Amino acid sequence: MERTLSIIKPDGVSKRLIGEVIKRFEKNDLRIVAMKMVHLSKKEAEGFYAVHSERPFFDSLTNFMSSGPIVVMVLEGKGAIKKNRELMGATNYKEAKPGTIRHEFASSIEQNIVHGSDSPETASTEIAYFLNALEIFDY
Ligand code: CMP
């Protein structure tokens, strides 16, 4: 079993896609073992995306990510990191395969509905950024 962090970004929440995204995870054997809605401050968004701090899109990305509430989840399942990334589709929605979340719902490379961890190391850092052990469940 593997765990990964998933975020429904402010555009996904405001477009009322929370249920749509969760349905896709559950239908594809990704168990939601933690979930909460949070509204990040600009500083908190900068902390989460610190690896991108030198990128030209960092300021815009962190403004966007702190612009409204997000839904943070821990997904658990066999190959959860890869499976989540397949369901999301490519970062650039123009390159995302038909049927993926980003292909169907994203409106720009930045406003791409969902975030998912890209490796086991990133997953554990990202999960710990949002959730403590008491907020993650076995069932
Ligand atoms: P995410 O998977 O959350 O990882 C970093 C985010 O930065 C990415 O999704 C996009 O929202 C955003 N991003 C990545 N590349 C670009 C880009 N070239 N221009 C603007 N935003 C980007």
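No experiment lies behind these values; they were computed from the predicted model shown.

A short note on the pairing of strand E3 (residues 70-77)
Among the 8 residues of E3, 8 are classified as buried, and the element is accordingly described as predominantly covered. Residues of E3 alternate between two faces, with Ile70, Val72, Val74 and Glu76 on one and Val71, Met73, Leu75 and Gly77 on the opposite face, all of them buried. Here strand E2 (residues 31-38) runs beside E3; their pairing, made up of 7 bridges, is antiparallel. When the sheet's bridge partners are listed, Ala34 is paired in E3 with Val74.

Some details on helix H7 (residues 120-130)
If you check which residues of H7 are buried, you get Ala123, Glu126, Ile127 and Phe130. End-on, the buried residues of H7 take up no more than an arc of 100°, which puts them together on one face. For H7, the exposed residues set more than 90 degrees away from the buried face come down to Glu121, Thr125 and Ala128. Buried residues belonging to H7 abut strand E1 (2-8), E2, helix H3 (42-48), E3, helix H5 (80-88) and strand E4 (114-116).

Some points on the site of the ligand
Taken together, Lys9, Tyr49, His52, Phe57, Leu61, Thr91, Arg102, Ile109, Glu110, Asn112 and His115 make up the full set of residues adjacent to the ligand. Measuring from an oxygen atom of the ligand, one finds a side-chain N or O atom of Arg102 at 3.2 Å. Here Glu110 contributes a backbone N or O atom positioned 2.9 Å from an oxygen atom of the ligand. Starting from 450 Å² of accessible surface for the ligand in isolation, the protein chains cover 80%. Looking at the shell around the ligand residue by residue, the class counts come to 4 nonpolar, 4 polar and 3 charged.

The rules we used
Residues numbered from 1 in each chain as written. Predicted model: local features only at pLDDT ≥ 70, side-chain atom pairs only at ≥ 80, totals over all residues. Heavy atoms only, no water. Buried < 20%, exposed > 50% of the residue type's maximum accessible area, 1.4 Å probe, protein only. Helix = DSSP H or I, 4+ residues; strand = E, 2+ residues; numbered from the N terminus. Pairing = 2+ DSSP bridges. Arc of directions from axis to C-beta. Contact = heavy atoms within 4.5 Å. Near = heavy atom within 4 Å. Polar contact = N/O pair within 3.5 Å; in protein donor to acceptor, adjacent residues only side chain to side chain. Areas by Shrake-Rupley, 256 points an atom, 1.4 Å probe, with all protein chains shown as cover. Nonpolar A, V, L, I, M, F, W, Y, C, P; charged D, E, K, R; others polar.

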